[in-house]
Amino acid sequence: MNKEIEAIEIALITLTGFIAQQFPDAQLGEFLAHTAHEFSKNPGAEKTATLLTALADSATRAAVMSRRN
């Protein structure tokens, strides 16, 4: 089950990167980072906050890369 969850997480991170290329001003990354911060305030939501942080990082990197192209 853990390998399946890891595969889903990797797929989500990759997909978020592709979607974020449509938002070069990094709005998606900022939104996901804010959402991760809010989730981190809730006890028991550490895994969700960690995933959202990874998604935010992916979105931000994709936005930066799309600006360079």
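For every chain, the first residue of its written sequence is number 1, and the numbers climb from 1 along that sequence. The predicted nature of this model means local features are confined to residues of pLDDT at least 70 and side-chain atom pairs, given and counted, to a pLDDT of 80 or more, with totals for whole chains, interfaces and linings taken over all residues. Note that the side-chain values use all heavy atoms of the structure and ignore hydrogens as well as water.

Asker: Any details on the overall build of the protein? Residues and values, ideally.
Answerer: What counts as a helix is a DSSP run of H or I of at least four residues, what counts as a strand is a run of E of at least two, and both are numbered from the N terminus. Per the secondary structure count, the protein includes three helices and zero strands. Secondary structure elements of the protein, listed N to C terminal, follow the sequence α-α-α. Viewed in the frame of its principal axes, the protein has a C-alpha envelope of about 40 × 25 × 10 Å. Looking at the protein residue by residue over its 69 residues, the buried ones come to 25%. Across the protein, every contact between residues at least 6 apart in sequence was considered, and the portion connecting residues at least 24 apart equals 64%. Accessibility here uses a 1.4 Å probe with only protein chains present; expressed as a share of the type maximum, an area under 20% marks a residue as buried, one over 50% as exposed, and anything in between as partly exposed. The contact rule is simple, with two residues in contact once any of their heavy atoms fall within 4.5 Å.

Asker: Can you explain a nonpolar patch on the surface? Please cite residues and give values.
Answerer: Without a salt bridge and with relative accessible area above 30%, a residue can belong to a patch; like charges are then joined within 9 Å and nonpolar side chains (Val, Leu, Ile, Met, Phe, Trp, Tyr) within 5 Å. All accessible-area figures derive from a Shrake-Rupley calculation using a 1.4 Å probe, and residue coverage is judged against the displayed protein chains alone. One speaks of a salt bridge when a side-chain nitrogen belonging to Lys or Arg is within 4 Å of a carboxyl oxygen belonging to Asp or Glu. Residues Leu15, Ile19 and Phe23 make up a contiguous nonpolar surface patch of roughly 250 Å² in combined accessible area. With a relative accessible area of 46%, Leu15 lands in the partly exposed category.

Asker: Report on the side chain of Ser58, specifying residues and quantitative values.
Answerer: Here Ser58 shows up in helix α3 (residues 46-68). The exposure class of Ser58 is buried, given its relative accessible area of 8%. Excluding residues within four positions of it along the chain, Ser58 makes contact with Ile13, Thr16 and Gly17.

Asker: Which residues make up the side chain of Thr16, and what values do they have?
Answerer: Checked against the element boundaries, Thr16 lands in helix α1 (residues 2-20). A polar atom in the side chain of Thr16 sits 2.7 Å from the backbone oxygen of Leu12. Here Thr16 is in contact with Leu28, Leu32, Leu55, Ser58 and Ala59, once residues within four sequence places are set aside. Any pair of N or O atoms that falls within 3.5 Å is considered a polar contact. Within protein, one atom must be able to donate a hydrogen and the other to accept it, and sequence-neighbouring residues count only if both atoms are side-chain atoms.

Asker: Account for the pattern of salt bridges, with residues named and values stated.
Answerer: Scanning the entire structure with this criterion turns up one salt bridge. With its nearest N and O atoms 3.3 Å apart, the salt bridge here joins Glu38 to Lys41. By relative accessible area, Glu38 is classed as partly exposed at 33%. The exposure class assigned to Lys41 is exposed, which follows from its relative accessible area of 51%.

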